[in-house]
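Structural features, examined
The primary structure of each chain is shown beneath.
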Amino acid sequence: MVAIVFLLLLISPPFLSSFLLTLLTQALIYAILAMSLDIILGYTGLASLGHAAYFGLGAYSVGILATRHGAGFWITLPVGVLLAVTVAAIFGLVALRATGVYFLMITLALGMVVWGLAHRWVTMTQGDNGISAIPRPDLGLPWSLAHSIPFYYFALAGFLISFSILRVIVRSPFGRSLVGIRESESRMRTLGYHVWLHKYIGFVIAGGFAGFGGVLWAYYNGFVSPVDLQLATSVEVLLMVALGGRGTLLGPALGAGIIIMLKNLVSVYTHRWLLILGVVYIATIVYAPEGIVGAMRQWRRRVRPALVRSLEDQFGG
Amino acid sequence: MEFWVSQTFNGISYGALLFLLAGGLSLIFGMMRIVNMTHGSYYLLGGYVALTVIWRTGSFVLAIFAGALAITLIGVCEWNAFLKRLSGQELGQVLTTMGFALIFQDLALIIWGGDPYTIPVPSVLSGAYQIGDFYFPIYRIFIIAVAAAVALVLWLVLEQTRVGAMMRATVDDPEMARGVGINVHGISMAVFALGAFLAAVAGVVAGGFVGVYPGADFEILPYAFVVVIVGGMGSLKGALVGSMLVGLLDNFGKALFPELSYFTLFAPMAAILAVRPTGLYGRA
């Protein structure tokens, strides 16, 4: 099933309309952001209300370096990711002193610090006008990334690299211990794990990948503004993760795809997409609290065996 | 000198507004640990409802009460239908209340359109007092007076009455409170209603000097949260100190370092939280 989806992502672009291709590119980039948030939300069990800040740091690094200093991709990429990692390393020291509601609120305040700089530090960020006319990167490839199909593959490559690394991380002993911390912090501590350090490393990794997503986003959009890192964006990424399924990597990617498609397709037909998005938020929590992937797993684990059993009973196996 | 006096005065009056908005939110947080992203919408909708009432009737007092009561009703419905079932699920609370915030935002846009409005203030409250060389707008003095009255009433209720003692018990230990026969559910709903009521009052009052406009809900929401976390969830004193701190920092930040103004507000807040994660007056 997953393999088929990956295959489709790989071969379908030439057959898609340019509008759909654009949406897929957006979805792939947001999928990186959603997967990164899932490291702390789904695997470690900490809900952050400021994750868009790291995405914004990556995006603004590109915006400022590429337009004002003519920096290329191989400079903006490490700077953007490193900046996000550094800020996450500082913020993590503050935020990880708390859990639950306090963690939510502290990450919100920290996110606002970064948003405030983007919004008000006009000489650096051009404030609400944002930074526009960011050129697409030149990687010296035979295909120009200014066109939508090569850029799609560029974003797909970024997504696949992120997905592979994150998958190695969550399946490693380190990733398993994050899940252990989510399930029972005190038990992990008793077993001798350095709980704080695990959370901290998870937090910084999540920040780094969000920054990577931001770098790609700035190149894709050609434009960065405070909207990219405002509170509503942070909450939207939480929705993507919750809708797709916490604690899985493909779930958040799927959630990102659904929300991006929904937002753009609905706004073609009606101006009332905020209303519809609001309903999606509420419906997700009411009808699919474990997300789509969670619901599918539950189905596979409970409903399908029960169904098979009852059929076997009926027809004598 | 004039700069310092007028900026301090402005900061205190903005802090008073924030106290109206965040005082109830702090009690909600302390008692139910509910993250309510709709709190900013109560503020915005309160202003809009009051605007309609004042256009129809011309009465400012009626507008305040109509706005606040309408929003209280909305808040109680939201609490009963959704939020009370989500206790302990922070992610569920954030997403559900965010959904409502988006829906309210869009409904407000449908009903009242995208233009900014100012709520017309009665002539008694317009104008300014002059003391020596300094001018103090009467409307801002009015806001400070309203906030002070609300703070006093809340303090009297919380510290001096039986209901207040039950509220404090619920903040301290909801399970134990339920055990000794306190109607925790009823008290929680009453506190939620109170929070919505005060947020709407804040929205109406704010409509008289910053106006009512689309986006005001998400603009003010982070301020309310920061007041609550810095003061300490569930602490009235904390909410009061937090609002003044945020009001003054915001005003002086914007006046002295316009480019870094949000940084000068949120960075010190984060620093306070780094030292005291439960806020100035909060208990873990």
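Just so it is clear, the structure is predicted and the values come from calculations on it, not from any experiment.

1. Observations concerning the overall build of chain B
- Within chain B one finds 11 helices and 2 strands.
- N-terminal to C-terminal, the α/β element order of chain B is α-α-α-α-β-β-α-α-α-α-α-α-α.
- A compact globule built from 284 residues would reach a C-alpha radius of gyration of about 19 Å, and chain B, at 19 Å, matches this within 12%.
- Across the 284 residues of chain B, 52% fall into the buried class.

2. A few points about the overall build of chain A
- A count of helical and extended segments in chain A gives 14 helices and 0 strands.
- Scaling as 2.2 N^0.38, a compact globule of 317 residues should have a C-alpha radius of gyration of about 20 Å, and chain A matches this with 20 Å.
- The burial tally for chain A puts 49% of its 317 residues in the buried class.

3. Observations regarding the packing of helix α2 (residues 18-43) of chain A against helix α12 (residues 250-269) of chain A
Residues and elements named next belong to chain A.
- The N-to-C vectors of α2 and α12 enclose an angle of 135 degrees; their axes lie 7 Å apart at closest approach. With respect to α12, the element α2 is oriented oblique. In the crossing of α2 with α12, the sense of the turn from one axis to the other is right-handed. Residues L23, Q26, A27, Y30, A31, A34, M35 and D38 of α2 lie in contact with α12, whose contacting residues are P252, A253, G255, A256, G257, I260, M261 and N264.
- The class makeup of the residues in the contact of α2 with α12 is 11 nonpolar, 4 polar and 1 charged.

4. Re the pairing of strand β2 (residues 134-137) of chain B
- One ladder, built from 4 bridges, connects strand β1 (residues 128-131) of chain B with β2 of chain B; its direction is antiparallel. Bridged to I131 of chain B within β2 of chain B is F134 of chain B.

5. Examining the environment of H51 of chain A
All names here are of chain A.
- Within the secondary structure, H51 sits in the loop between α2 and α3 (52-68).
- C-alpha of H51 to C-alpha of T107: the two residues are 56 residues apart in sequence and 7.8 Å apart in space.
- With sequence-adjacent residues up to four places away left out, H51 is seen in contact with L37, A210, S234 and V237.

6. Re the interface of chain B and chain A
- In this complex, chain B contributes 35 residues to the contact, which on the side of chain A involves 40 residues.
- In terms of residue count, helix α4 (residues 90-112) of chain B provides more of the side of chain B that touches chain A than any other element does, 13 residues in total.
- Of the residues belonging to the side of chain B that touches chain A, the class tally is 25 nonpolar, 6 polar and 4 charged.

7. What about the confidence of the model for chain B?
Residues and elements named next belong to chain B.
- In the predicted model, chain B carries a mean pLDDT of 88, and 99% of its residues have values of at least 70.
- Of all the helices and strands in chain B, β1 carries the lowest mean pLDDT, 80, while helix α2 (residues 39-57) carries the highest, 93.
- Scored as a whole, the predicted complex attains pTM 0.90, and scored at its interfaces, ipTM 0.87.

8. With respect to the packing of helix α9 (residues 216-231) of chain B against helix α10 (residues 236-256) of chain B
Residues and elements named next belong to chain B.
- Contact geometry for α9 and α10: axes closest at 8 Å, N-to-C directions at 125 degrees. On the basis of the axis angle, α9 is oblique to α10. The way α9 lies across α10 gives a crossing that is right-handed. Residues Y223, V226, V227, V228, V230 and G231 of α9 lie in contact with α10, whose contacting residues are G238, A239, V241, G242, S243, L245 and V246.
- Residue composition of the contact of α9 with α10, grouped by class: 9 nonpolar, 4 polar and no charged.

9. Observations concerning the confidence of the model for chain A
- Taken residue by residue, chain A gives an average pLDDT of 89. The fraction at 70 or more is 99%.
- Model confidence for chain A, summarised as mean pLDDT per element, is weakest for helix α14 (residues 291-315) of chain A at 81 and strongest for helix α10 (residues 195-221) of chain A at 95.

10. Describing helix α5 (residues 138-160) of chain B
All names here are of chain B.
- An ideal rise of 1.5 Å per residue puts 33 Å on 23 residues; α5 measures up with 32 Å between its terminal C-alpha atoms.
- Considered for burial, the residues of α5 that qualify are R140, F142, I143, A147 and L154.
- Against α1 (2-32), β2, α8 (184-207) and α10 lie the buried residues of α5.

11. Observations concerning unusual backbone geometry
- Of note in the backbone geometry, A133 of chain A takes a positive phi value of approximately 60 degrees without being a glycine.
- As for its placement among the helices and strands, A133 of chain A is situated in the loop between α6 (122-125) and α7 (148-171).
- A count of 9 C-beta atoms within 10 Å places A133 of chain A in the exposed class.
- One non-glycine residue, R33 of chain B, adopts positive backbone phi at about 55 degrees.

12. With respect to the environment of V94 of chain A
- Mapping V94 of chain A onto the fold places it in helix α4 (residues 73-95).
- A C-alpha to C-alpha distance of 28 Å links V94 of chain A and G63 of chain A, two positions 31 residues apart in sequence.
- Once you skip the residues sitting within four places of it in the chain, V94 of chain A turns out to touch I106 and L110 of chain A together with A270, L273 and A274 of chain B.

13. Description of α12 of chain A
Residues and elements named next belong to chain A.
- Between its first and last C-alpha atoms α12 spans 29 Å; for 20 residues at 1.5 Å apiece the expected length is 28 Å, and the two agree.
- Turning to α12, its buried residues number three or more, namely L250, G251, P252, A253, L254, G255, A256, G257, I259 and I260.
- For α12, the elements touching its buried residues are α1 (2-11), α2, α11 (231-244) and α14.

About the cut-offs
- Residues numbered from 1 in each chain as written.
- Chains lettered and ligands numbered in written order.
- Predicted model: local features only at pLDDT ≥ 70, side-chain atom pairs only at ≥ 80, totals over all residues.
- Helix = DSSP H or I, 4+ residues; strand = E, 2+ residues; numbered from the N terminus.
- Rg over C-alpha atoms; globule rule 2.2 N^0.38 Å.
- Buried ≥ 20, exposed ≤ 12 C-beta atoms within 10 Å, placed from the backbone.
- Axes fitted to C-alpha atoms, helices over the stretch in contact; angles between N-to-C directions.
- Parallel < 35°, antiparallel > 145°, perpendicular 65-115°, else oblique.
- Left-handed = near helix turned anticlockwise from the far one by under 90°.
- Contact = placed C-beta atoms within 7 Å.
- Nonpolar A, V, L, I, M, F, W, Y, C, P; charged D, E, K, R; others polar.
- Pairing = 2+ DSSP bridges.
- pLDDT = per-residue confidence, 0-100.
- Expected span 1.5 Å × (residues − 1).

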